[in-house]
Amino acid sequence: MDAVIREVAEEGKRLIDRAWLGELTRDQAVHMFVQFGDGLVRYDTALDIIDDGVERLDAHARRLRILWWFAALEVPMFGSFALLALVLGDYTTAGLSVLFLLILQIVHRKLLPYPLPVRHHPSE
């Protein structure tokens, strides 16, 4: 039974991915999920699962786009501040610029979306 549930869950993930990519409409994904589940998944439950999965992927994609823009802009900005400060002999400002750059890189690593933990059964 566990293998069947795992297969249905994996198929649900694939259908969510395909719906998010636009390969399937929401209704097609829900219909295919209910068909694949063959009684394990009701229509309302499948609708909620597909909607939540697509919404979660949208949120992560939006967050990654924002992080990419910040990462793309902060290195040239703080790097140029540091180089300009070094050229002008202001070592404190150069050090602070590099420090801010390092702190922002650490913050970006913490803000990356992470996969939800999956509980494994002790029998595995």
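Up top you'll find the structure we're talking about.
Presented here is a report on the structure given in the accompanying data block.

Calculation rules
- Residues numbered from 1 in each chain as written.
- Predicted model: local features only at pLDDT ≥ 70, side-chain atom pairs only at ≥ 80, totals over all residues.
- Heavy atoms only, no water.
- Salt bridge = Lys/Arg side-chain N within 4 Å of Asp/Glu carboxyl O.
- Phe/Tyr/Trp six-rings, centres within 6.5 Å; stacked < 30°, edge-to-face > 60°.
- Buried < 20%, exposed > 50% of the residue type's maximum accessible area, 1.4 Å probe, protein only.
- Helix = DSSP H or I, 4+ residues; strand = E, 2+ residues; numbered from the N terminus.
- Expected span 1.5 Å × (residues − 1).
- Bend = angle between axes of the 7 residues up to and from the residue.
- Contact = heavy atoms within 4.5 Å.
- Arc of directions from axis to C-beta.
- Core = buried A, V, L, I, M, F, W, Y, C linked by side-chain atoms within 4.5 Å.
- Patch = residues over 30% accessible without salt bridge, like charges linked within 9 Å, V, L, I, M, F, W, Y side chains within 5 Å.
- Areas by Shrake-Rupley, 256 points an atom, 1.4 Å probe, with all protein chains shown as cover.
- Lys, Arg positive; Asp, Glu negative; His and termini not counted.
- Charge placed at Lys NZ, Arg CZ, Asp CG, Glu CD.

Remarks on the pattern of salt bridges
Applying the stated criterion to the full structure yields 4 salt bridges. Two residues, arginine 18 and glutamate 23, come together in a salt bridge whose shortest N-O distance is 3.2 Å.

Section: the packing of aromatic side chains
Across all of its chains, the model carries 3 aromatic pairs by this definition. Ring geometry for tryptophan 68 and tryptophan 69: centres 5.1 Å apart, planes at 85 degrees, overall edge-to-face. Taking relative accessible area as the criterion, tryptophan 68 reaches 52% and is therefore assigned exposed. Residue tryptophan 69 is classed as exposed on the basis of its relative accessible area, which comes to 53%.

Things to note about helix H3 (residues 43-88)
Relative to the 68 Å expected for 46 residues at 1.5 Å per residue, H3 spans 67 Å between its end C-alpha atoms, a close match to the ideal helical length. Within H3, the axis deviates most sharply at glutamate 74, by approximately 25 degrees, and proline proline 76 lies no more than four positions further along. Buried within H3 are the following residues: Ala46, Leu47, Ile50, Gly53, His60, Ala61, Leu67, Glu74, Phe78, Ala82 and Ala85. Tucked into the core, H3 has its buried residues touching helix H1 (2-21), helix H2 (26-37) and helix H4 (91-111). Within two residues after H3, glycine 89 carries a phi angle of roughly 85 degrees, on the positive side.

A word on H4
Between its first and last C-alpha atoms H4 spans 30 Å; for 21 residues at 1.5 Å apiece the expected length is 30 Å, and the two agree. Those residues of H4 that sit buried are Ala94, Ser97, Leu101 and His108. Summarising the axial view, the buried residues of H4 lie within an arc of 60 degrees, below the 170-degree limit, and thus occupy one face. The exposed residues of H4 that point more than 90 degrees off its buried face are Tyr91, Thr92, Leu102, Ile106 and Lys110. Looking at the buried side of H4, the elements it contacts are H3.

Some remarks on the nonpolar core
Ranked by size, the top nonpolar core spans 12 residues in total: Val8, Leu15, Ile16, Ala19, Leu24, Ala29, Val30, Phe33, Val41, Ala46, Leu47 and Ile50. Among the elements of the structure, H1, H2 and H3 are those that each provide at least two residues to this core. No other element matches the 4 residues that H1 contributes to this core. Sequence-distant contacts of isoleucine 50, defined by excluding residues within four places in its chain, comprise Gly12, Leu15, Ile16, Ala29, Val30 and Phe33.

Notes on a negative patch on the surface
On the surface, Asp48, Asp52, Glu55 and Asp58 cluster together into a negatively charged patch. Tracing the sequence through the fold places aspartate 58 in helix H3. For aspartate 58, a relative accessible area of 33% puts it in the partly exposed group.

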